[in-house]
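What the coordinates show
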Amino acid sequence: MKTDGRIHPVYAQMERTVFDRMSALAREHGAINLGQGFPDGPVPEPLIEAAARALREKSNQYPPGAGLIELREAICGYYARRQGSALSAEQVTVTSGATEAIAAAVLAFVKPGDEVILFQPAYDAYAPMVRRAGGVPVSIPLAPPEFRYDAEALAAAITPRTRVLMLNDPLNPAGTVASHGELEMIARACTEHDLIAICDEVWEDVRFDGIPHRSLMSFPGMEERAVKIGSAGKIFGLTGWKIGWMIAAGELGTAIARAHQFLTFASAAPLQWAVAEGLELPEAVLADQREGWAASRERLKSGLESAGFVVLPNAATWFLCIDLAASGVALTDRVFSERAVAEAGVATVPVSALYEGESAPVHIVRLCFTKPDAVLDEAAARLSAWRAGL
Ligand code: GLN
């Protein structure tokens, strides 16, 4: 791209995101798309009915900028039941997906020259957003297969200029969950160094380890310094709805609401009505959906293992990771993903795309398992046949 100074440097050399790119390649090659994360199968019928009803019977005009009060109250009720948190509707701002919430939080808290701690692998939006706000991302690499958080590495990354820490727990693409001790350690670092924590918890209810999610925000001293971000797209498997939210107390909550009002102002009103109803559905509806995803996870895992691939442990998210080196595949993750979509007809995501700098492991690819059994079986069969000819 020609960069004659008219374009902001953050965007001048920027590539299309790996998720969009792999989906485009999947369409181009007619491949099975296990790249970008979205479920492909039955959606919760009560939510579809609620959305259709809302289009006809509720409003199609602007909702309040912060979100419908019905939805903001439903979000508080949901977290009270699921996580025992005592939140109030004034602390909640509804956004157009979690990505907007992350942008709003970064815009609200990151000032020019501020250092922002990121753990890698990280959602590829984090670092560019921090840079566009004038901040400096300081990345701490997490090492596969465990992706554990290390107190010494965190202490070494914090300087007098550090203002914000971003944490994605459970962690995409790894599918791992921070332990209680790790969260405690991160919370302590935030309180000791007076950091704001942007907690991207979109995978909080896509967990298969049977352990209830605990937010970093719930640790001592964190309530006044944390923003908790959630996503209806992930909870209900409706990624195209783009309804997310962010929650913070006091002046933090006000600041993120102000940032949101000049980003998108408000998010689709009928879908907000539907999500509000969805969050009040009986527990069993979501439990059924989660069980379905857990079964799909086992299905893809066994298909890949039968094909000789080594699959990393997974406790959460819609993703399984293959360790190419341990599987005896002598390709880097990027080469594997580029070739597999064209030659095997299966799209994946190279995990190194979610790291910046030299620390990226180049032997791990991510596959989304929330697909019908027949699709997962076909994908595993295609990868198996293709790898035999490598
Ligand atoms: N979070 C999704 C994933 O990991 C991607 C979001 C997006 O495509 N922007 O696949």
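Throughout what follows, the structure given in this document is the object of discussion. Given the structure is predicted, the values throughout are model-derived calculations rather than measurements. (Residues numbered from 1 in each chain as written. Predicted model: local features only at pLDDT ≥ 70, side-chain atom pairs only at ≥ 80, totals over all residues. Heavy atoms only, no water.)

1. Focus on the sheet that holds strand E2 (residues 92–95)
Ordered in space as E2-E8-E7-E6-E5-E3-E4, the seven strands form an open sheet in which the pairing is mixed. Taken across any chain shown, the strands that pair with only one partner, and hence form the sheet edges, are E2 and strand E4 (136–141). Strand after strand, the sheet turns through a mean of 20° between neighbouring axes, direction not considered. Across four bridges, the pairing between E2 and strand E8 (residues 244–247) is antiparallel. (Pairing = 2+ DSSP bridges. Helix = DSSP H or I, 4+ residues; strand = E, 2+ residues; numbered from the N terminus. Axes fitted to C-alpha atoms, helices over the stretch in contact; angles between N-to-C directions.)

2. A word on the pattern of salt bridges
A complete count under the given rule lists 22 salt bridges for this structure. Asp-205 is paired through a salt bridge with Arg-290; the nearest N and O atoms lie 4.0 Å apart. Separated by 85 residues along the polypeptide, Asp-205 in the loop between strand E6 (196–200) and strand E7 (226–231) and Arg-290 in helix H12 (residues 283–306) bring together distant segments of the chain. Looking at Asp-205, the relative accessible area reads 6%, which means it is buried. Its salt-bridge partner being Glu-378, residue Arg-382 comes within 2.8 Å of it at the nearest N-O pair. One end of the pair, Arg-382, and the other, Glu-378, are both in helix H14 (residues 373–388), four residues apart, so they sit about a helical turn from each other. In this structure, a network of salt bridges that share partners links the residues Arg-82, Asp-205, Glu-283 and Arg-290. (Salt bridge = Lys/Arg side-chain N within 4 Å of Asp/Glu carboxyl O. Buried < 20%, exposed > 50% of the residue type's maximum accessible area, 1.4 Å probe, protein only.)

3. Let's talk about the site of the ligand
Neighbouring residues of the ligand: Phe-19, Gln-36, Gly-37, Tyr-123, Asn-172, Lys-234, Phe-319 and Arg-366. At a separation of 3.2 Å, a nitrogen atom of the ligand approaches a polar side-chain atom of Tyr-123. Computed on the free molecule, the ligand has an accessible area of 300 Å², of which 81% lies beneath the protein chains in the complex. Of the residues belonging to the shell around the ligand, the class tally is three nonpolar, three polar and two charged. (Near = heavy atom within 4 Å. Polar contact = N/O pair within 3.5 Å; in protein donor to acceptor, adjacent residues only side chain to side chain. Areas by Shrake-Rupley, 256 points an atom, 1.4 Å probe, with all protein chains shown as cover. Nonpolar A, V, L, I, M, F, W, Y, C, P; charged D, E, K, R; others polar.)

4. Things to note about the packing of aromatic side chains
All chains considered together, the criterion is met by twelve aromatic pairs. Both rings, one in Phe-119 and one in Tyr-149, keep their centres 4.9 Å apart while their planes meet at 85°; by these two values the pair is edge-to-face. Pair noted here: Phe-119 is in strand E3 (residues 115–120) and Tyr-149 is in the loop between E4 and helix H7 (151–157), with a separation of 30 residues, a long-range link. The interplanar angle of 85° and the centroid separation of 5.0 Å between the aromatic rings of Trp-203 and Trp-318 together place this pair among those described as edge-to-face. (Phe/Tyr/Trp six-rings, centres within 6.5 Å; stacked < 30°, edge-to-face > 60°.)

5. Here we look at H12
Given a rise of 1.5 Å per residue, 24 residues ought to cover 34 Å, and the 35 Å separating the end C-alpha atoms of H12 matches this to within 8%. Of all the positions in H12, only Leu-286, Gln-289, Arg-290, Trp-293, Ser-296, Arg-297, Leu-300 and Leu-304 are classed as buried. Buried positions along H12 lie against helix H4 (69–83), helix H9 (232–236), strand E9 (310–311), strand E10 (319–323), strand E13 (364–368) and H14. (Expected span 1.5 Å × (residues − 1). Contact = heavy atoms within 4.5 Å.)

6. Remarks on the environment of Asn-172
Within the secondary structure, Asn-172 is located in the loop between strand E5 (162–168) and helix H8 (180–192). Residue classification places Asn-172 among the buried residues on the basis of a relative accessible area of 11%. Along the sequence, Asn-172 and Glu-224 sit 52 residues apart, while their C-alpha atoms lie 26 Å from each other. In contact with Asn-172, other than residues within four places in its own chain, are Pro-121, Trp-203, Thr-317, Phe-319 and Arg-366. A distance of 2.7 Å separates polar atoms of two side chains, one belonging to Asn-172 and the other to Arg-366.

7. Examining the nonpolar core
Ranked by internal contacts, the top residues of the largest apolar core, which has 64 residues, are Phe-119, Leu-154, Ile-186 and Trp-245. Counting 60 residues, the second-largest nonpolar core is a separate cluster that includes Val-130, Ala-259, Trp-293 and Val-346. (Core = buried A, V, L, I, M, F, W, Y, C linked by side-chain atoms within 4.5 Å.)

8. Considering unusual backbone geometry
A cis amide bond, omega 10°, links Gln-120 with the succeeding residue Pro-121. Mapped onto the secondary structure, Pro-121 falls in the loop between E3 and helix H6 (126–132). Backbone torsion omega between Asn-172 and Pro-173 reads 15°, so that peptide bond is classified as cis. Checked against the element boundaries, Pro-173 lands in the loop between E5 and H8. Notably, Lys-242 is not glycine yet its phi reads approximately 55°, a positive angle.

9. Here's the deal with helix H13 (residues 333–344)
What H13 keeps buried is the set Asp-333, Phe-336, Ser-337, Ala-340, Val-341 and Ala-344. The buried residues of H13 occupy an angular sector of 115° when projected down its axis, which confines them to one face. At its buried positions, H13 is contacted by helix H2 (18–29), strand E11 (346–347), strand E12 (349–350), E13 and H14. Positive phi appears at Gly-345, one or two residues downstream of H13, with a value of about 80°. (Arc of directions from axis to C-beta.)

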